[in-house]
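Here's the letter readout for the chains.
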Amino acid sequence: MYVAIMGYGVVGSGVAELFMKNHESIVSKSTQSKLELKYILDIRDFKGDPYEDKIVNDVNIIINDPEVGIVVETMGGLHPAYEFVSSCLEAGKSVVSSNKELVAVKGRELLALAEKKNVNFLFEASVGGGIPIIRPISQCLAANEIEEVAGILNGTTNFILTKMISDGMSFEAALKLAQENGYAERNPAADVEGTDACRKICILASLCFGKHVYPDSVHTEGITAITLADVEYARSWGGVIKLIACTKRIDENHIYAMVSPAFVSKHCQLAGVDDVFNAILVRGDAIGDVVFYGRGAGKLPTASAVVADIIDCAKHSARKKVFGWGDAVPDYVVSHLENETALYVRAFSEASDKLLGRCAAVFGKIETLAREGAPDDEIAFVTPRGKEGELREKLASIAGLEPASVIRVTDY
Ligand code: HSE
């Protein structure tokens with residue numbers, strides 16, 4: 001059996017490197033007598049590259065070659081990845097993808113096409129980089145009703161927040177370092193605005209709860225508004241700020257799903273997840289909480305998940321794996337304003353004591369926070385838990401309160 005790679009960037013080159021490095025054991029685990037890399041598709045030429053002889057510039061060479069049974073898509077982006085992957089599946093080839101955007105937007109359609117063609121469409125690397133999460137949820141935890149998933153799903157933002165909090169590095173310098181290390185997306189706005197984490201939680205929500213969840217149905221906030229003052233208040237509250245992607249089952253036909261920065265207690269396992277590491281907490285009705293942790297981005301960690309999928313496709317070349325989810329349904333993702341949370345609020349006021357008094361009166365009880373070096377007119381507090389929409393209405397009703405920051409507070 002032959003393999004082709006489409007997209008020879010950070011992840012694609014990592015796949016070729018790992019596939020060749022551990023080739024003997026990979027072939028033996030694949031149960032095939034032969035598993036060879038035949039083509040690498042890219043629009044660029046790679047003079048002097050060890051696999052220069054495998055580079056092709058025309059996708060039709062791969063699609064029309066009956067010897068190619070498995071195609072790896074590590075191009076990223078929706079187009080032309082979607083067209084190329086569809087054509088490969090149509091041609092009866094199994095496809096392995098690391099492309100979060102493709103799976104989040106076209107996953108249901110591509111899974112259905114793979115089923116029709118009796119081939120596999122696998123995407124372990126699309127969530128959590130090298131961390132096993134798709135297969136554990138669909139296989140190892142299959143006996144559970146999954147109740148909730150919460151995770152740090154973007155390595156770049158976690159890396160930036162860690163460098164800001166621990167090393168006092170500027171946002172821009174930390175982002176540049178993440179780009180140099182190959183963690184960031186081609187357009188890093190997708191990382192820092194939360195879009196990448198949103199795509200990943202859509203994939204997990206679809207997998208856990210059985211209906212396709214589209215990114216545009218998920219409320220998403222990034223980390224660009226987080227200040228060092230907020231970081232300090234989180235510390236004084238007893239935790240850290242993390243970009244959390246979460247989804248929760250409400251009933252058969254409704255879920256919550258959201259991406260936003262959040263205060264996480266230092267006692268929660270997610271609080272200790274630093275640098276490019278990702279962690280995903282899965283709550284099942286039989287297992288309770290289980291946490292998956294590891295490198296969420298980077299060349300070889302991501303290649304590790306891709307190559308494992310190649311092996312799985314090769315092993316299941318005669319009999320397709322049964323795997324996937326159903327169509328999207330309207331109003332399936334309920335507004336985040338219905339969800340229960342507490343809110344951290346930071347604001348400025350000349351009469352800060354009086355303002356805090358009014359806030360306490362409206363909420364019944366608040367937890368006031370302090371930080372060293374705070375200006376005299378700065379206040380910060382945490383509200384009691386309640387429906388987010390109701391908490392925000394109360395905030396809006398307080399005369400003289402114009403919040404500089406409002407951040408959700410988790411109860412993990
Ligand atoms: N840009 C992504 C991240 C790459 O930083 O997590 C892995 O999906």
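Residues numbered from 1 in each chain as written. Predicted model: local features only at pLDDT ≥ 70, side-chain atom pairs only at ≥ 80, totals over all residues. Heavy atoms only, no water.

This part takes up the domain arrangement of the protein chain. By domain assignment, the protein chain separates into domain 1 (2-130 + 300-315), domain 2 (145-295) and domain 3 (338-409). In this structure, domain 1 and domain 3 have C-alpha centres spaced 50 Å apart. (Domains from an automatic or database assignment.)

Inspection of every chain in the model, using the stated rule, returns 10 aromatic pairs. Geometrically, the ring pair formed by F121 and F123 is tilted, given 5.3 Å between the ring centres and 55° between the ring planes. With relative accessibility at 2%, the residue F121 sits in the buried group. Of the residues examined, F123 reaches a relative accessible area of 1% and is grouped as buried. When the ring of F159 is compared with that of Y183, the centres are 5.5 Å apart and the planes differ by 70°; the resulting orientation is edge-to-face. You can see F159 sitting in helix α7 (residues 155-167) and its partner Y183 sitting in the loop between α8 (171-180) and α9 (189-192), a full 24 residues away along the chain. For the residue pair F159 and Y183, the accessibility class agrees, reading buried in each case. By way of ring pairs, the aromatic residues F121, F123, F323 and W325 are connected into one cluster. Between the NZ or CZ atom of K38 and the centre of the ring of Y2, over which it lies, the distance is 5.0 Å. Looking at K106, its charged tip hangs above the ring of Y82, at a distance of 4.5 Å from the centre. (Phe/Tyr/Trp six-rings, centres within 6.5 Å; stacked < 30°, edge-to-face > 60°. Buried < 20%, exposed > 50% of the residue type's maximum accessible area, 1.4 Å probe, protein only. Helix = DSSP H or I, 4+ residues; strand = E, 2+ residues; numbered from the N terminus. Lys NZ or Arg CZ within 6 Å of the ring centre and 35° of its normal.)

With that settled, consider the state of the cysteines. In total, this model carries 0 disulfides according to the counting rule given. Sulfur of C202: no disulfide; nearest cysteine sulfur belongs to C198 and is 4.2 Å away. Assessed through its relative accessible area of 1%, C202 is described here as buried. Residue C208 stays outside any disulfide, its sulfur separated by 12 Å from that of C202, the closest cysteine. (Disulfide = S-S within 2.5 Å.)

Turning our attention to the sheet that holds strand β3 (residues 55-56). Hydrogen bonds between backbone groups are what pair the strands of a sheet, and the pairing can be parallel or antiparallel. An order of β3-β2-β1-β4-β5-β6 is seen for the 6 strands of this open sheet, with the pairing classed as parallel. Of all the strands in the sheet, just β3 and β6 (121-122) have a single pairing partner and so form its edges. By the bridge criterion, 2 bridges tie strand β5 (residues 94-97) to β6 in an arrangement that is parallel. Each bridged residue has a counterpart across the sheet, and for V96 the counterpart in β6 is L122. (Pairing = 2+ DSSP bridges.)

Taken together, K100, N154, G155, T156, Y183, A184, E185, D191, D196, K200, G296 and A297 make up all the residues around the ligand. Here K100 contributes a side-chain N or O atom positioned 2.7 Å from an oxygen atom of the ligand. Separating a nitrogen atom of the ligand from a side-chain N or O atom of D191 is a distance of 2.8 Å. Contact with the protein chains removes 92% of the 250 Å² of surface that the ligand exposes when unbound. Its residues assigned to classes, the shell around the ligand comprises 3 nonpolar, 4 polar and 5 charged. (Near = heavy atom within 4 Å. Polar contact = N/O pair within 3.5 Å; in protein donor to acceptor, adjacent residues only side chain to side chain. Areas by Shrake-Rupley, 256 points an atom, 1.4 Å probe, with all protein chains shown as cover. Nonpolar A, V, L, I, M, F, W, Y, C, P; charged D, E, K, R; others polar.)

As for its position among the elements, S86 is in helix α4 (residues 81-90). Those residues within four positions of S86 in sequence are excluded, and the remaining contacts are L110 and L113. (Contact = heavy atoms within 4.5 Å.)

By the criterion of burial, strand β11 (residues 277-284) is predominantly enclosed, with 7 of the 8 residues buried. Alignment of strand β7 (residues 146-152) against β11, held across 6 bridges, turns out to be antiparallel. Across the sheet, I152 pairs through a bridge with A279, a residue of β11. Judged from the 8 bridges that link them, β11 and strand β12 (residues 288-295) form a sheet pairing that is antiparallel. Following the sheet pairing, L281 is matched in β12 by V291. Count of turn residues in the β11/β12 antiparallel hairpin: 3 residues.

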